[in-house]
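Here are the chains, one letter per residue:
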Amino acid sequence: EAGVAQSPRYKIIEKRQSVAFWCNPISGHATLYWYQQILGQGPKLLIQFQNNGVVDDSQLPKDRFSAERLKGVDSTLKIQPAKLEDSAVYLCASSLIAGDDYEQYFGPGTRLTVT
Amino acid sequence: QQPVQSPQAVILREGEDAVINCSSSKALYSVHWYRQKHGEAPVFLMILLKGGEQKGHEKISASFNEKKQQSSLYLTASQLSYSGTYFCGTVSTDSWGKLQFGAGTQVVVTP
């Protein structure tokens, strides 16, 4: 089966600019996650969707980050305006069902550099 | 609360064994283990649920001591392919469905 797709793979922007990342989860996976992984650290959950509804966005900096999952399939994560500290790899993951027993499948990530 | 992993890094020769530990200050429901190679996505290894079970994946196994809120990952007879950063993710009993990852343990296996 096809894995989680993400684009772009790399993005370089200047601070205060905006950027958007796209994710297409594995077909049939109801749950979609966006993680931020800063160099040398573990992934940090930004937002979790169940179908097209938000389950958890408690760690999403809502003043500058937004995410949507229209029609319960693809998802877009946006940063506007970007700050230097947003430089990180943004990982999208999906799982069949939300729950603690189910593995998450990760996409290749988008490496964002803010200059 | 983020789990704490130790050691931060380990260097092994092919065939040697290693143990990676993951501990939490909270009561845990499950522990998830992932391996990430440089520049790649994390890849799922195994999930351990409350109940103290052990699981295995190739020559990689893990245990979960729910009383101590700890899990250990055992790399047995390590192979070059085992190199990468290993992350534990924990789900505490008071935050269902929210996976918190540790900072990772970098493993380097040399010939």
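Keep in mind it's a predicted model, so treat the numbers as computed, not measured.

A. Geometry of the pattern of salt bridges. Tallied over the full model, the rule gives four salt bridges over all chains. Between Lys62(A) and Asp57(A) there is a salt bridge, and its shortest N-O distance comes to 3.7 Å.

B. Spotlight on the pairing of strand E8 (residues 75-79) of chain A. All names here are of chain A. Residues Ser 75, Leu 77 and Ile 79 of E8 are buried on one face, while the alternating residues Thr 76 and Lys 78, pointing to the opposite face, are not. Here strand E7 (residues 65-68) runs beside E8; their pairing, made up of four bridges, is antiparallel. Considered in E8, the bridge of Phe 65 is made with Ile 79. Between the antiparallel neighbours E7 and E8 lie six residues, among them Lys 71 with a positive phi of about 60 degrees.

C. Summary view of the interface of chain B and chain A. Between chain B and chain A, the contact holds 21 residues from the first and 22 residues from the second. The three residues of chain B that bury the most area against chain A are Pro42(B), Lys98(B) and Phe101(B), which together make up 27% of that side's buried surface. The tally of links from chain B across to chain A stands at one salt bridge. Between Asp56(A) and Lys98(B) there is a salt bridge, with its nearest N and O atoms 3.7 Å apart. At the boundary of chain B and chain A, one finds three residue pairs in polar contact (both at pLDDT 80 or more). Every element with two or more residues in the side of chain B that touches chain A is listed here: strand E4 (28-36), strand E5 (43-49), strand E9 (84-92) and strand E10 (100-101) of chain B. At five residues, the largest contribution of residues to the side of chain B that touches chain A is made by E4(B). Here the residues of the side of chain B that touches chain A are counted per class, giving 13 nonpolar, seven polar and one charged.

D. Broad picture of the confidence of the model for chain B. Model confidence for chain B is summarised by a mean pLDDT of 90, while 95% of its residues fall at 70 or above. Mean pLDDT across the secondary structure elements of chain B bottoms out at strand E6 (residues 54-57) of chain B, with 65, and peaks at strand E11 (residues 105-110) of chain B, with 98.

E. Seen up close, the state of the cysteines. Residues and elements named next belong to chain A. The final tally for this structure, using the stated rule, is two disulfides over all chains. At a sulfur-sulfur separation of 1.9 Å, the disulfide partner of Cys 23 is Cys 92. In this structure, the disulfide formed by Cys 23 and Cys 92 twists by about -70 degrees around the S-S bond and is classed as left-handed. With a gap of 69 residues between them, Cys 23 in strand E3 (residues 19-24) and Cys 92 in strand E9 (residues 88-95) connect regions that are remote in the sequence. Considered together, Cys 23 and Cys 92 belong to a single accessibility category, that of buried residues.

F. Up close: the environment of Asn52(A). With respect to the element layout, Asn52(A) can be found in the loop between strand E5 (44-50) and strand E6 (53-56). With residues up to four places along the chain from it excluded, the contact list for Asn52(A) reads Arg69(A), Lys71(A) and Gly72(A).

So, how was this worked out
- Residues numbered from 1 in each chain as written.
- Chains lettered and ligands numbered in written order.
- Predicted model: local features only at pLDDT ≥ 70, side-chain atom pairs only at ≥ 80, totals over all residues.
- Heavy atoms only, no water.
- Salt bridge = Lys/Arg side-chain N within 4 Å of Asp/Glu carboxyl O.
- Buried < 20%, exposed > 50% of the residue type's maximum accessible area, 1.4 Å probe, protein only.
- Helix = DSSP H or I, 4+ residues; strand = E, 2+ residues; numbered from the N terminus.
- Pairing = 2+ DSSP bridges.
- Contact = heavy atoms within 4.5 Å.
- Buried area = accessible area lost by both parts, 1.4 Å probe.
- Polar contact = N/O pair within 3.5 Å; in protein donor to acceptor, adjacent residues only side chain to side chain.
- Nonpolar A, V, L, I, M, F, W, Y, C, P; charged D, E, K, R; others polar.
- pLDDT = per-residue confidence, 0-100.
- Disulfide = S-S within 2.5 Å.

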